[in-house]
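One letter stands for each residue in the lines below.
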Amino acid sequence: MKMLTKFETKSNRVKGLSFHSKRPWILASLHSGVIQLWDYRMGTLIDRFDEHDGPVRGVHFHKSQPLFVSGGDDYKIKVWNYKLHRCLFTLLGHLDYIRTVQFHHEYPWIVSASDDQTIRIWNWQSRTCISVLTGHNHYVMCALFHPKDDLVVSASLDQTVRVWDISALRKKTVSPADDILRLGQMNTDFFGGVDAVVKYVLEGHDRGVNWASFHPTLPLIVSGADDRQVKIWRMNDTKAWEVDTLRGHMNNVSCVLFHAKQDIIVSNSEDKSIRVWDATKRTGLQTFRREHDRFWILTCHPEMNLLAAGHDSGMIVFKLERERPAFSLSQDSLFFIKDRFLRLFDYPTQKETQIVPIRRPGSVSLNQSPKTLSYSPTENAVLICSESDGGSYELYIVPKDSFTRGDTVQEPRRGTGSSAVFIARNRFAVLEKSTNSVLVKNLKNETVKKSVLPVPTDSIFYAGKGNLLCRGEDRVVIFDLQQRVILGDLQCSFVRYVVWSNDMESVALLSKHSIIIADKKLSHKCTLHETIRVKSGAWDDNGVFIYTTLTHIKYCLPNGDNGIVKTLDVPLYITKIIRNTVFCLDRDGKNRAVVIDSTEYVFKLSLLKKRYDHVMGMIRNSELCGQAMIAYLQQKGFPEVALHFVKDERTRFNLALESGNIQIAVASAKEIDEKDHWYRLGVEALRQGNSGIVEYAYQRTKNFERLSFLYLITGNLDKLSKMMRIAEVKNDVMGQFHNALYLGDVKERIKILENVGHFPLAYVTAKTHGLMDLAEEISVKLGGNVPELPSGKKGPSLLVPPTPVLCGGDWPLLRVMKGIFEGGLDNAAGGGTQEEYEDAADADWGDGLVIADVDDVQSGVNDISIVPEEGEEAHDEEGGWGLEDLELPESSDTPKTNATRSTVFVAPPPGTPATQLWVQKSSLAAEHVAAGNFDTAMRLLTRQLGIKNFTPLKPLFMDLHTGSHSFLRAFSSAPVISLPIETTNESTTTAPALIFTFSQLEEKLKSGYKATTTGKFTEALRIFLTILHTIPLIVVESRREVDEVKELIIIVKEYVLGLQLELKRRELKDNPIRQQELAAYFTHCNLQLPHLRLALINAMTVCYKAGNFITASNFARRLLETNPAENQGQKARSVMQVAEKNPKDSCELDYDFRNPFVVCGATYVPIYRGQKDVACPYCSSRFVVGEEGKVCAVCDLAVVGSDASGLLCSPAQIR
């Protein structure tokens, strides 16, 4: 047996406790005088009441009214209304500490026990004491009403328990039926009749009794005393006697009671323990201890299987038995355990069948109910696990005929193990915690295999055939028992239940306050946190996880979105979901079918999966409304859908702006008619380029400055000039000056400056713009103070407004398709909208709004009306631009957009750019560079040629990209337009025009040869390296040209290596041996014949001068084999003659001309045939093994020894 703790508090000493009968609340009265009201389900403090002076020892909720009563050491009984958060009244009468208070279950009575040795019964409606029970001769520690009969039990420190009969009080309270009875009642009152009499005095305790309470249904009383004993008493109509004594507590017994649901007695004591006793066998079952806290009070929930105990530092709410029924699902059947029978529930028929009895006789019933149940359908075997004996299992093979009778008694096969599950048709796994291993057993209960688990495991769950889900302290793993490998691993909090989807593709891991959704390999999808305990869950047909908490049925979508489906009165455990019906088991083992409305989560799931046809159908056919749904749609980026549900104009306006639906926004703005909304409408309309709506919004808010600027950028100079006249009439000098500046009207600006007395500025303006006549007139007014214009500078630049790119009307927009929901929603709402705007298809209302000519306006005019153009009817109502008001006439009603324009602007899908077409199916790096896709080009070069060092290629990349585009200047204020330059290849697909060609490289090769011949080795090396760096970025047409490109790489590589050797040799002035070696290696590079001759002459000369005559004669012989010029041949023959006379080398070189070799491109040492070497994947230069992984010293691009697929420089290679 375990104490299943549900809630715990830390506080002052708790002396009184009371559960609310319906709500998840508990009252705790403290030694400090405070009464706390807790929600034990949420774990929150709801309220506190602190009017008592001193400890509060008794507290009790009323069964049906929003009341509770408390009694304290201040001799006061207070009745409180928890809804009003205050004390209603105080009952005075006791003369000492009040120990307990309790409401009667039926009558308006309160019973209280006090240290004044009396028990009082009060009427809380009349607020009077209706009876005083005297008889105890010491403190009365406790007094309680009988749950059904007219009895009161009391316990006192006088070592007795008394049972009082209060039936006379009840008869007195119930109005008598006739006058004679009423007369007798009056006489009794007058002569001091007794309302309550002692029925029994129970004596047996050796010390003071602290508590006594009735059994809820049987004629039993249990009491606990300072003699450390718990006594059970039985009573009948005439007498009461002691039945038994329960011994075990080590100190005073504080409180004792019968459990409301089970046949047990629970007691607690100052020995810091709670003890559980079997009420029938009268033996101790379990003891729960605290280290430092003495227990003072116990209470039992009137309807649920909950207990609470108060101690020195708080209280604890707990239960003693798991109430979740063990069940297992098999297709259309549910196997579950109820009343010691295995039962079958058939979903299609919704019938329940009793199959086999499962409890062996003599077993202890308390908290040994099965914990889990596993079923094998092919073998019809049931595996039941419980926590008895430290964890055990029972295996039942259910006979086929048992499905009908359910009376077959069979002896199950048993074993020990903390958990057991079927993993195959006739195999089940049992967890052996002591060795952290799993025993695989057959149906004869014989072990066939043992596997050690990879992680410390305290429970196992089914995870597919042959697999186990092992639960550790902070993680779960899926373990394959056959291959003994971990298939999945996930960090998570302590998992209580595991629920697999029907297809075994998804799993839900249920913890106390969280749910983790993962796939079959335990890859995390989402996590959900709940404040109230999660109880159960199942997957529905749509792949949505439906789960229950203590109070709700809820849903969880694959992306983690969740919500409430239904509120629950009692906790339910979901077993299966069939369409809109959730099948559950309650705590009594009854099957319930709960019908739910799945519209909300199916709608959200359709949005999530982008099944917009379903979404449209649901919008048309269902009442999906509410702020939560609107907020969800807005949050997920579907404001146009949310707009369909909303009636509130402000919300409609916000959603319309968000979805770009200007027409609805205008309608809502007219209804709201607030400056801020018109301003926001103007901003959005300007963003969409709907200048007419912008103008209308600015007019409604009288925003003259913005209007002027709008007319400037749309080139509406007529209206701009009228805006200037309006500013003049309104005496707005700055507005007038700005408008003149926008118009480029210099004379008007000069006139304005003169009118306000800025003559120097007026003079400078006139003089600068060459208006000499006006300048002279102003200079006369200035007298001698004529400002001097600065001289010696360039001519002044005049303030002239730029010519607008587009004059009048809306910004040009591409024709676009409507949004995914737009057409459907319009149809759903009604088809009248389109016709309304069709008449205005050819109208451009923005130009139709003409401001009256202001030339005739005299100063002081208060109203400037907006007049219609020719052909339009004039309206009677005045309106337009006013000095104080700007009222627009009815004729200029809300502007309408053209019918050709979509009511909601949806950005068109952009066409595919040419640069994107270049690279769509291309694996040629050059084409990616031309398109500007440098990163993909670099990846291609790395894959094809092993290139890692791109620094030398950067300028070539930039030149190639820029060279494949042409650039046009449009307007001074517009950015430069980039145009890709294309060419058509043989396959008629477009390709970029590239600036690097093979013919260019051939020309560069000739330049390199020439520089080599003339001895300009540094220049020649630069040219050859440029060729090597350019080759990856050229494209040729035919395969023959591809071969030529590859040949060119080899040629250039040889020259680069040779030139590097020669330049290195020239640097080494003071190392003659190394000079000779490098000169010798140079002759083994594959050079053109003229260059080879020069290299041989060079090597011959160097070696001859150093006294290495044999080596020099070798070079002379090789030179003569090339048919050199006469003078070169003569020199070679002379060297050979000297060598014949003096055949010796003065120093030994690392050079053996008889053994074929290649030269390492980095260390410049020979690599003889047979020695290991590595190559550059691009230029194929050879290197010693130690250079592997470094950048090639020859081409300076690729990594030596890396893998590469090879050069790709022609579409022909791909085809």
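The structure under discussion appears in the preceding block.
About the criteria used
- Residues numbered from 1 in each chain as written.
- Predicted model: local features only at pLDDT ≥ 70, side-chain atom pairs only at ≥ 80, totals over all residues.
- Heavy atoms only, no water.
- Pairing = 2+ DSSP bridges.
- Helix = DSSP H or I, 4+ residues; strand = E, 2+ residues; numbered from the N terminus.
- Axes fitted to C-alpha atoms, helices over the stretch in contact; angles between N-to-C directions.
- Core = buried A, V, L, I, M, F, W, Y, C linked by side-chain atoms within 4.5 Å.
- Buried < 20%, exposed > 50% of the residue type's maximum accessible area, 1.4 Å probe, protein only.
- Contact = heavy atoms within 4.5 Å.
- Expected span 1.5 Å × (residues − 1).
- Patch = residues over 30% accessible without salt bridge, like charges linked within 9 Å, V, L, I, M, F, W, Y side chains within 5 Å.
- Areas by Shrake-Rupley, 256 points an atom, 1.4 Å probe, with all protein chains shown as cover.
- Salt bridge = Lys/Arg side-chain N within 4 Å of Asp/Glu carboxyl O.
- Phe/Tyr/Trp six-rings, centres within 6.5 Å; stacked < 30°, edge-to-face > 60°.

A. Examining the sheet that holds strand β46 (residues 506-510) more closely. On the basis of which strands lie adjacent, the open sheet formed by four strands has the order β45-β46-β47-β48 and antiparallel pairing. The open sheet terminates on both sides in strands that have one partner only, identified here as β45 (497-500) and β48 (524-529). On average, adjacent strands in this sheet sit at an angle of 15° to one another, irrespective of strand direction. Relative to strand β47 (residues 514-519), β46 is paired through five bridges, and the arrangement is antiparallel. The residue of β47 that forms the bridge with A508 is I517.

B. Examining the pairing of strand β29 (residues 327-330) more closely. Relative to strand β30 (residues 333-338), β29 runs antiparallel, the two being bridged by four bridges. Paired with S328 across the two strands is F335, which belongs to β30.

C. Main features of the sheet that holds β29. Taken together, four strands build an open sheet; the order of strands is β29-β30-β31-β32 and the sheet is antiparallel. Here the strands that pair on one side only, and so sit at the sheet edges, are β29 and β32 (351-357). With direction set aside, neighbouring strand axes in the sheet form an average angle of 25°. Direction of pairing for β30 relative to strand β31 (residues 341-346): antiparallel, over a ladder of six bridges. Paired with L334 across the strands is F345, a residue of β31.

D. Representation of the nonpolar core within the structure. Formed by 82 residues in total, the largest nonpolar core has its most connected members in F1024, I1027, I1031, Y1178 and C1195. At ten residues, the largest contribution of residues to this core is made by helix α27 (residues 1039-1067). Ignoring sequence-local partners within four residues, the contact set of I1031 consists of L1001, V1045, L1048, I1049, Y1178 and L1207. Of all hydrophobic cores here, the second largest spans 58 residues; its members include W211, L220, V276 and M315.

E. Summary view of helix α13 (residues 717-729). Spanning 13 residues, α13 covers 19 Å between terminal C-alpha atoms, matching the ideal 18 Å at 1.5 Å per step. Among the residues of α13, K719, L720, K722, M723, M724, I726 and A727 are the ones counted as buried. N731, located one to two residues past α13, shows a positive phi value of around 60°.

F. Quick look at a nonpolar patch on the surface. Judged by side-chain polarity, L686, F709 and I713 come together as a nonpolar surface patch covering roughly 240 Å² of accessible area. Positionally, I713 belongs in helix α12 (residues 704-713). Taking relative accessible area as the criterion, I713 reaches 35% and is therefore assigned partly exposed.

G. Broad picture of the packing of aromatic side chains. For the structure on display, the rule yields 34 aromatic pairs. When the ring of F345 is compared with that of Y347, the centres are 5.4 Å apart and the planes differ by 85°; the resulting orientation is edge-to-face. Under the relative-accessibility criterion, F345 is labelled buried at 6%. Arranged with centres 5.8 Å apart and planes meeting at 25°, the rings of F1115 and Y1151 form a pair that is stacked.

H. Examining the side chain of E754 more closely. Position of E754 relative to the elements: it lies in helix α15 (residues 746-755). Residue classification places E754 among the buried positions, given a relative accessible area of 19%. The residues contacting E754, other than those within four sequence positions of it, are F759, A762, I778 and K781.

I. Representation of the environment of Y1009 within the structure. Topologically, Y1009 is positioned in helix α25 (residues 998-1013). Y1009 gets classed as buried once you look at its relative accessible area, which sits at 17%. Remark: the alpha-carbon pair of Y1009 and P1090, spanning 81 residues in sequence, is separated by 9.8 Å. What Y1009 contacts, discounting residues up to four positions off in sequence, is F1024, I1051, Y1055, Q1088 and H1091.

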